Amino acid sequence: MPDAAIIDLGLLLLVACVVAIVTRRLGFPYAIGLVATGLGLALAGFRAPIPLTRDLVFTVLLPPLVFEGALHLGWPQFRREAPLVLTIAFGGTLLSALVVAAGMHAGLGWGWPAAALFGALIAATDPVSVLALMKGQHTDPRLKFLMESESLVNDGAAAVLFALVIAWIAGSTGGAGGTLLTLVQIAGGGVLCGLVVAGCLLLVAGSSQDQLVETTLTVLAAYGSFVIAERLHMSGVLATLSAGMLVGNWGRGRWLSDHGAQGMIRLWDFFAFLANSVVFLLIGSQSASQFLHSEPYARSLTIAAAAIALVLAGRLIAVYPLARLFDRTALALPASAKAVMFWGGLRGALALALALGVPAALPEHDALIMATFAVVAFSIFVQGLTVPWLLRAART
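My aim in this report is to walk through the structure given alongside it, one point at a time. Because the structure is a prediction, the values reported are computed rather than measured. (Residues numbered from 1 in each chain as written. Predicted model: local features only at pLDDT ≥ 70, side-chain atom pairs only at ≥ 80, totals over all residues. Heavy atoms only, no water.)

This next bit is on the overall build of the protein. If you tally the helices and strands in the protein, you get 15 helices and 0 strands. Here the C-alpha atoms of the protein give a radius of gyration of 20 Å, agreeing with the 21 Å that 2.2 N^0.38 yields for 396 residues. C-alpha atoms of the protein, sized along the principal axes, occupy 60 × 55 × 50 Å. The buried share among the 396 residues of the protein stands at 55%. Sequence separation of 24 or more characterises 82% of the internal contacts of the protein that already satisfy a separation of 6 or more. Of the roughly 16,800 Å² that the protein leaves accessible, carbon and sulfur atoms contribute 68%. (Helix = DSSP H or I, 4+ residues; strand = E, 2+ residues; numbered from the N terminus. Rg over C-alpha atoms; globule rule 2.2 N^0.38 Å. Buried < 20%, exposed > 50% of the residue type's maximum accessible area, 1.4 Å probe, protein only. Contact = heavy atoms within 4.5 Å. Areas by Shrake-Rupley, 256 points an atom, 1.4 Å probe, with all protein chains shown as cover.)

The subject of this paragraph is the nonpolar core. If you look at the biggest cluster of nonpolar residues, it comprises 105 residues, and the most contacted ones within it are Met-104, Trp-110, Phe-118, Leu-121, Leu-241 and Ile-283. Ranked by the residues each element gives to this core, the list is headed by helix α15 (residues 365-395), at 13 residues. Ignoring any residue separated from it by four or fewer positions in sequence, one finds Ile-283 in contact with Val-35, Leu-52, Gly-348, Ala-349, Leu-352, Phe-373, Val-376 and Ile-380. The next biggest cluster of nonpolar side chains, apart from the first, holds 20 residues, and it includes Phe-67, Ala-205, Ala-229 and Ala-239. (Core = buried A, V, L, I, M, F, W, Y, C linked by side-chain atoms within 4.5 Å.)

Next up on the list: helix α10 (residues 236-251). Each α-helix winds once per 3.6 residues, and so residues spaced three or four apart point in a common direction. In terms of residue burial, α10 counts as a mostly covered element, since 14 of its 16 residues are buried. After α10 finishes, the residue Gly-253 shows a positive phi value of roughly 85 degrees.

On the surface, a nonpolar cluster with roughly 820 Å² of combined accessible area is contributed by Ile-7, Leu-11, Leu-14, Val-18, Ile-21, Val-22, Leu-26, Phe-28 and Leu-385. With 7 residues, the top contributor of residues to the nonpolar patch is helix α1 (residues 3-26). Tracing the chain through its elements places Ile-21 in helix α1. What makes Ile-21 partly exposed here is its relative accessible area of 48%. (Patch = residues over 30% accessible without salt bridge, like charges linked within 9 Å, V, L, I, M, F, W, Y side chains within 5 Å. Salt bridge = Lys/Arg side-chain N within 4 Å of Asp/Glu carboxyl O.)

This part is about the environment of Leu-13. Structurally, Leu-13 is set in helix α1. The residues contacting Leu-13, other than those within four sequence positions of it, are Leu-274 and Val-278.

A word on the pattern of salt bridges. Proximity of charged atoms lets side chains of opposite charge pair with each other. In this structure the tally under the stated criterion is 5 salt bridges. For Arg-315, the salt bridge identified is with Glu-150, shortest N-O distance 3.1 Å. Remark: Glu-150 occurs in helix α7 (residues 141-170) and Arg-315 occurs in helix α12 (residues 297-324); sequence separation between them is 165 residues. Residue Arg-315 shares its accessibility class with Glu-150, and that shared class is buried. Across the salt bridge formed by Lys-338 and Asp-327, the nearest N and O atoms sit 3.2 Å from each other. With Lys-338 in helix α13 (residues 335-343) and Asp-327 in the loop between α12 and α13, this pair connects stretches of sequence that are 11 residues apart. Using a relative accessible area of 10% as the deciding quantity, one classes Lys-338 as buried.

Tallying each qualifying case throughout the model produces 10 aromatic pairs. On the numbers, 4.7 Å between centres and 45 degrees between planes, the contact of Phe-67 with Trp-268 is tilted. With Phe-67 in helix α3 (residues 54-71) and Trp-268 in helix α11 (residues 258-292), this residue pair connects regions lying 201 residues apart in the sequence. On the basis of relative accessibility, which here comes to 0%, the residue Phe-67 falls in the buried class. Of the aromatic side chains, those joined through ring pairs into one cluster are Phe-67, Trp-268, Phe-270 and Phe-271. (Phe/Tyr/Trp six-rings, centres within 6.5 Å; stacked < 30°, edge-to-face > 60°.)

To continue, consider unusual backbone geometry. Trans peptide bonds make up the majority, and among non-glycine residues the majority have a negative phi. Here the phi dihedral of His-233 falls at roughly 60 degrees; this positive angle occurs in a residue that is not glycine. Judged by its relative accessible area of 60%, His-233 is exposed.

In this section: the layout of surface pockets. Which parts of space are left empty comes out when a probe the size of a water molecule is rolled across the atoms. As a volume, the second largest pocket reaches approximately 420 Å³. As for the second largest pocket, its lining consists of 19 residues, of which Ala-163, Ile-186, Glu-230, His-233 and Met-234 are closest to the centre. Of all the secondary structure elements, the ones that give two or more residues to the lining of the second largest pocket are α3, α7, α8 (175-205) and α10. Broken down by element, the residue count for the lining of the second largest pocket peaks at 6 residues, all from α7. Looking at the lining of the second largest pocket residue by residue, the classes come out as 11 nonpolar, 6 polar and 2 charged. (1 Å grid on protein atoms, 1.4 Å probe; cavity = no way out; pocket = protein on both sides within 12 Å on 5 of 7 lines; lining within 4 Å. Points joined across faces, edges and corners; volume = space filled by probe spheres on them. Nonpolar A, V, L, I, M, F, W, Y, C, P; charged D, E, K, R; others polar.)

As C-alpha cells, this is what we get:
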C-alpha cells in the first residue's frame with residue numbers, strides 16, 4: 001500500500017475516533033455520525049483510500065462483525081426465543097423479499113431476475129447496522145436480544161435467499177427438489193461447517209494456556225469458517241454465526257482459559273469498532289458519489305421512493321403478522337416491541353455488498369445499486385435517528 005494511502009487510512013481511523021467521542025457526548029448513534037461524516041468528506045472532495053467493494057464488505061468486514069455479535073448470544077436464551085426469532089428471521093425475510101420483488105416488477109417494470117435479486121438482498125436487516133445502533137442504547141434486555149439475534153440470523157437467511165435467486169437465474173436449481181437440496185446445502189451446510197471448524201479449533205485451544213494462541217485460534221474460527229463455507233458453496237455468514245455462538249457459549253469457561261476468554265472479548269470488541277468505522281465511513285462516502293452521478297434525477301428519485309416504500313411495507317409484513325402468531329404464548333411481544341422491531345430493521349453493509357455483486361449484464365444493474373444506496377441512506381438517517389426515541393418510548 002502506498003504511503004499516501006496509509007496516511008489517508010490513518011486519518012480515517014482518527015476521524016472515526018473523534019466521531020465516536022462526539023456522538024457519545026451528543027447521545028445519538030455512532031453509526032449515523034460516521035455515515036454523515038463520510039458524506040461530508042466526500043462532498044468536500046476527500047476520496048477514501050479504500051473503495052467500497054463486495055469483497056471488502058462481505059469477506060473482510062462482515063465476518064468479524066457477525067462473529068463478535070454471535071459471541072454474546074447466550075445459548076439458553078436463544079433456545080428459549082428460537083421459535084420467535086427463527087420465524088421472523090426466515091419467514092419474515094421470505095415474505096419481505098416477495099413484497100419488494102413483486103412491487104418492483106409491477107410498479108417499476110423491472111424484470112423478474114432484477115426484482116427478485118433486489119428483494120432478496122434488501123429483505124434482511126443488517127447486523128452491522130443493528131448491532132451498532134443497539135450498543136450504547138439503554139434497551140429492555142429481551143428486546144435488545146431479539147433485535148440482535150434476529151438481525152444476525154436473517155442476515156444469513158438473506159444471503160441464502162440471494163444465492164438461491166442467483167442459482168435460479170443461472171438455471172441450476174433443477175426444479176422444486178433441486179431448490180430444496182440447494183437450500184439444505186447452503187444453510188445447513190453453513191451451520192455445520194461453522195460448528196466443525198470452531199469445534200476443532202477449540203480442541204486445539206484446550207491444549208494451550210497461552211492467551212495469544214487462544215485468541216489467534218478464535219480469529220481463525222471466524223474467518224476460517226466463513227472462507228471454507230463459501231468455497232464449498234455454503235453460507236459463510238451462517239458458518240461464522242454458528243462458530244461465534246459455539247465459541248461464546250462452549251469455549252468460554254471450558255476450552256479457553258479465563259485470561260484467554262477476556263483477551264478474546266477485548267480483541268473482538270476492537271475488531272468490531274474498526275470494521276464499523278471503516279464500513280460506515282465508506283457507506284457515507286460512496287452514497288454521496290452514487291447520488292451525485294445518478295441520472296436522470298427524476299427517474300432516480302422515483303425508483304428510490306418506490307424502493308423505500310416497498311422495503312418498509314415488506315418489513316411491516318415480516319414483523320406484525322408473524323409476531324402475532326405468538327400473542328397467546330410466553331413469547332408474546334408487546335405492541336411497543338413490535339414497533340421497535342419494525343422501524344429498527346435497518347439496512348446497511350450487507351445489502352450494499354450483495355448489490356455490488358449483482359451481475360453487470362442485468363438491464364437494471366445501475367438502478368438496482370442506486371435503489372440499494374437510497375434504502376440504506378434512508379434506513380440509517382431517518383430510521384436510525386428516530387429509533388432511540390422509540391426505544392425510550394418502549395421503556396415508559
